[in-house]
Amino acid sequence: MPRTEVKIGGFGGQGVILSGYILGKAASIYDSKHATMIQSFGPEARGSACSAQLIISNEPISYPYIVSPNVMILMSQEAYSKFSPELASGGTLLTEEDLVVTRNLRKDVLHYSIPATRFAEELGKRLVLNIVMLGFTAAITNIVAADAARNAVKVSVPKGTEELNLAAFNKGFEYGLQLLKKEPVAAA
Amino acid sequence: MHADPTGVLAGAHFMDGDHACSEGAMAAGCRFVAGYPITPSTEVVERIAERFPYIGGIFIQMEDEIASSIAIQGAAWGGIKAMTVTSGPGFSLMMEHIGLAAITETPCVFVDVQRAGPSTGLPTMPAQGDMMQARWGSHGDYEIIALSPNSPQECFDLTIQAFNLSEKYRVPVLFMMDECVGHMIERVVIPPAEEIEIVERRMYGGPKEGYQPFEAGRDLVPLMVKAGDGYRIHVTGLTHDERGYPNMSVGAQAKLVQRLVDKIRLHADEIVQFQEHDVDDADVVVVTYGITSRTAIPAIEQARAKGMKVGHLRLVVVWPFPEKRIRALADRVKAFVVPEINLGQMVYEVERCAAGKSKVILVPHGGGTVHQPKDIYTAIEKSLRGK
């Protein structure tokens, strides 16, 4: 896989940074790829905008910052307005269906959405919406192998919540696979 | 000698540079840290504070950086490996005690996660503005060793090396990180303890009678004792003789200061460490350190793809500076290009060693982020134009 830049955006409390961390861990520890994550440093208290930047590549990563993201995972309206213009042409946009209204959606990107919060609530904990999004990402894009991501989820979430989180991952993953059957394959 | 497994968190981790530095220190055997937490170095001491109780270490959150930088020296004389951690404003406050560590030959490590300055500057953003301060920040004549990591993995590996060098030469070692490397998260592989080479302090074990704590052998590094072992020792920042007692004579000053400087300068070939890539056929060599050694790579690759003969020399140990190597290269390359996240610091060293024999072009950056590769590319292109 060539250098692929990923930006994850949402508001504090949604697990944006943890999502980036799990993706990076999946790629670099369980999928023998290279990953570099940069946390945006700011007032990431609950409710405010925050983002994680991640680069995944088969080759060692020299330049550590993202320049033109190929994949975006957005979980808030603010993140959509702020970040989606930066997405590379031909890139993949993944949004939380109920939290993001994709106004003025760009024609040059592939867009997929998932009601991750609703699924998370059905599973019993709204908190796991970020892991639903991760499962969805693993299904739609090729940035990380599903099993590598599952391994990373298992070791990164609080002890005792592994099963719930894996169920959340699988929910997002299955939904993504179903969606792909209906829509064209994304070239991440 | 191998690392004590107690402090070694062996395995593959996805970890930031600050935490990797903490793990490196613990693997190296550091069991005392004093600090006044400051962005962007806070995560180093956070992890130390969390992990130390489990491995028998002591962490003290001190009242300020002046106290932190002296507390570690007390710990070192108590027989423990010690470190303090800071960033620009705190680093400035520690300068006096870098000199004290130098003259008392106290092994200790100062970690500086650089942010943009001067003064409070940009607390959460990277710079490389403390490089000359690291070398010259304390008054008087002395030598230190400084290293510059470019990844979380190196924050682990080179922190161990920092401790090893500090123990071997009884000198303060400055670990010059920056915000980008400190907060960057990447894979960090921590090997099992038996694969980690550790340099232990060389202790004096001879008779107590007639013992001279600052008498050095041929390697110019005296053997150490620790307080409480029954040896008569006196540790002072005043110019002292071999017994450690103040001696206000021109002769004692000349002898002591010359040895403090020579113990590093005469061992420079062993201490200096750099990495080279494509230097043999190069017309221009890009000299980098720290995060700049990574931001320069796309620029160098682009230039080589266009047929320019560009090499890369990356400093791992920044001080002592690899004078011999730069002098030798200056005899045959057309130019050096030096990108730095400051308005010109290490470039003066390159200019000094190039001595007018080849052009030296600085690619300055005021700090707050890292270089854009295109700026470094433009400088490479420019360096090959004209004479």
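Cut-offs and rules
- Residues numbered from 1 in each chain as written.
- Chains lettered and ligands numbered in written order.
- Predicted model: local features only at pLDDT ≥ 70, side-chain atom pairs only at ≥ 80, totals over all residues.
- Heavy atoms only, no water.
- Contact = heavy atoms within 4.5 Å.
- Buried area = accessible area lost by both parts, 1.4 Å probe.
- Salt bridge = Lys/Arg side-chain N within 4 Å of Asp/Glu carboxyl O.
- Polar contact = N/O pair within 3.5 Å; in protein donor to acceptor, adjacent residues only side chain to side chain.
- Helix = DSSP H or I, 4+ residues; strand = E, 2+ residues; numbered from the N terminus.
- Nonpolar A, V, L, I, M, F, W, Y, C, P; charged D, E, K, R; others polar.
- Pairing = 2+ DSSP bridges.
- Domains from an automatic or database assignment.
- Axes fitted to C-alpha atoms, helices over the stretch in contact; angles between N-to-C directions.
- Buried < 20%, exposed > 50% of the residue type's maximum accessible area, 1.4 Å probe, protein only.

## Some details on the interface of chain A and chain B
Taken together, the contacts link 20 residues of chain A with 25 residues of chain B. The junction of chain A with chain B conceals about 1,700 Å² of combined surface from both sides, 62% of it contributed by carbon and sulfur atoms. Here chain A is connected to chain B by 0 salt bridges. Taken together, the links from chain A to chain B amount to 8 residue pairs in polar contact (both at pLDDT 80 or more). Contributing elements (two or more residues each) for the side of chain A that touches chain B: α1 (16–30) and β2 (34–39) of chain A. Residue composition of the side of chain A that touches chain B, grouped by class: 11 nonpolar, 7 polar and 2 charged. Relative to strand β9 (residues 184–190) of chain B, β2 of chain A runs antiparallel, the two sharing 2 bridges. Note that in β9 of chain B the partner of I38 of chain A across the bridge is M184 of chain B.

## A word on the domain arrangement of chain B
All names here are of chain B. The domain boundaries assigned to chain B delineate domain 1 (5–195) and domain 2 (275–384). Taken together, the contact pairs 28 residues of domain 1 with 26 residues of domain 2. Summing both partners gives a buried area of about 2,000 Å² for domain 1 against domain 2, and 57% of it is carried by carbon and sulfur. Linking domain 1 to domain 2 there are 2 salt bridges. Residue E186 is joined to R294 by a salt bridge in which the shortest nitrogen-to-oxygen separation is 2.8 Å. Counting every contact that joins domain 1 to domain 2 gives 18 residue pairs in polar contact (both at pLDDT 80 or more). If you list the elements that add at least two residues to the side of domain 1 that touches domain 2, you get β6 (122–126), α5 (131–136), β7 (145–147), α6 (152–169), α7 (179–183) and β9.

## Things to note about the environment of M224 of chain B
All names here are of chain B. Among the secondary structure elements, M224 is positioned in the loop between β9 and α8 (250–265). On a C-alpha basis, the gap between M224 and G251 in space is 24 Å, while along the polypeptide they are 27 residues apart. Each residue touching M224, except ones within four places of it in the same chain, is listed here: A76, W77, P107, R170, R201, R202, M203, Y204 and Y211.

## Some thoughts on the sheet that holds strand β11 (residues 284–289) of chain B
Think of a sheet as strands paired side by side through backbone hydrogen bonds, with each pair either parallel or antiparallel. Residues and elements named next belong to chain B. With mixed pairing, 5 strands are arranged side by side in an open sheet as β10-β12-β11-β14-β15. Single-partner strands in this sheet number two, and they are β10 (274–277) and β15 (359–363). Pairs of neighbouring strands in the sheet enclose a mean axial angle of 20°, with direction left out of account. Pairing between β11 and strand β14 (residues 335–339): 3 bridges, direction parallel. Each bridged residue has a counterpart across the sheet, and for V284 the counterpart in β14 is A335. Strands β11, β12 (310–315) and β14 of the sheet are contacted by helix α10 (residues 292–305), whose axis makes an angle of about 170° with β12.

## Quick look at the side chain of H371 of chain B
Secondary-structure assignment places H371 of chain B in the loop between β15 and α13 (373–384). Residue classification places H371 of chain B among the buried positions, given a relative accessible area of 1%. Excluding its chain neighbours within four sequence positions, the residues that come into contact with H371 of chain B are Y63 of chain A together with T292, T295, P339, E340, I341, V363, P364, H365 and I376 of chain B.

## Some thoughts on the sheet that holds strand β3 (residues 49–57) of chain A
Spatial ordering of the open sheet is given by β6(A)-β5(A)-β4(A)-β1(A)-β3(A)-β2(A)-β9(B)-β1(B), a layout of 8 strands whose pairing is mixed. This sheet does not close on itself; its edge strands, each paired only once, are β6 (110–114) of chain A together with β1 (11–16) of chain B. On average, each strand axis in the sheet is tilted by 20° relative to the strand beside it, whichever way the strands run. With 5 bridges joining them, strand β5 (residues 92–96) of chain A and β6 of chain A adopt parallel strand pairing. Its bridge partner lying in β6 of chain A, L93 of chain A is registered against H111 of chain A. Across the sheet, α1 of chain A touches β1 (4–11), β2, β3 and β4 (71–74) of chain A together with β1 and β9 of chain B, and the angle it forms with β3 of chain A is around 10°. Sheet strands in contact with helix α1 (residues 17–28) of chain B are β1 and β9 of chain B, and its direction is about 130° off that of β1 of chain B.

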